[in-house]
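# Architecture and fold: a report
One-letter residues, chain by chain:
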Amino acid sequence: MATVELRFSAQPEHVRTARLVAAAVARRAGVEEAVLDEVRLAVGEACSRAVGLHRTNGLTAPVRVVLNEGEKVFSIEVGDEVPGPAGGSAEAVPGIEAALDPDTDGQDEMGLAVISGLVDDVEVTSGESGGTIRMSWPVAGTAEAG
C-alpha cells in the first residue's frame, strides 16, 4: 500500500492544494473518474474544517492529510490537533438535523453533514491529541485491463 502524507499550515489558501493532491492520488489509485469530484469536495470540506478549528483555537500546528492507496480501497485521513474528549471516541457523523441544531457549532456540523452526504464510508474520531476524519472509496477493478 502506497501512502502520501501532506502537512500544511492552517491557512485557507492551502486547502485547494490539498484538494488537487487528493484528486491526483485518487486517480492514480484507480478511483473511478465519476467519483473524483466527490473526493475533491469531501477533502475540501474536511481540510476547511481542520483549518477553521486550528485558527479558532489559536493552534500553529499543521493540518495533516494522509492518502492511502490500497488494493481495493483508497482512503484519506484529515487530522487536526484540537483536543477533544479524553479517551478518544468514535462519533457518528451527524446528519442535517445536527447541522441545523442551534446548540451546535453550525459551521463545523454543516461541514460534517456535507462530508457524510458525499462519502459512504466515513468515520470521525476525536481525542486528547486531536481529531481525524477518515474517508474511503472503492478502487476500480484491475480485471478490466485484460
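Residues numbered from 1 in each chain as written. Predicted model: local features only at pLDDT ≥ 70, side-chain atom pairs only at ≥ 80, totals over all residues. Heavy atoms only, no water.

## What about the pairing of strand β5 (residues 121–127)?
Alignment of β5 against strand β6 (residues 130–138), held across seven bridges, turns out to be antiparallel. The partner of Glu-123 across the bridge, within β6, is Arg-134. The antiparallel pairing of β5 with β6 creates a hairpin that spans two residues between the two strands. (Pairing = 2+ DSSP bridges. Helix = DSSP H or I, 4+ residues; strand = E, 2+ residues; numbered from the N terminus.)

## Brief notes about the confidence of the model for the chain
Here the chain averages 83 in pLDDT, while 79% of its residues score no lower than 70. This stretch, residues 87–104, has a pLDDT under 50; its non-local contacts, to residues over four places away or in other chains, come to 30 contacts. A low-confidence stretch, residues 142–146 (pLDDT under 50), is modelled with zero contacts involving residues beyond four sequence positions or located in other chains. (pLDDT = per-residue confidence, 0-100. Contact = heavy atoms within 4.5 Å.)

## Here's the deal with the environment of Leu-36
Summarising the element assignment, Leu-36 is placed in helix α2 (residues 36–56). Relative accessible area serves as the criterion here: at 0%, Leu-36 is assigned to the buried category. It is 7.2 Å that separates the C-alpha atoms of Leu-36 and Ala-26, two residues lying 10 residues apart in sequence. (Buried < 20%, exposed > 50% of the residue type's maximum accessible area, 1.4 Å probe, protein only.)

## Observations concerning the nonpolar core
Judged by nonpolar contacts, the single largest core of 34 residues is most densely connected at Val-39, Phe-74, Ile-76, Val-78 and Met-135. For this core, the secondary structure elements donating two or more residues are β1 (2–8), α1 (15–29), α2, β2 (63–69), β3 (73–79), α4 (106–118), β5 and β6. The contacts of Val-39, once residues within four sequence positions are left out, are Ala-22, Ala-26, Val-31, Phe-74, Ile-76 and Trp-137. (Core = buried A, V, L, I, M, F, W, Y, C linked by side-chain atoms within 4.5 Å.)

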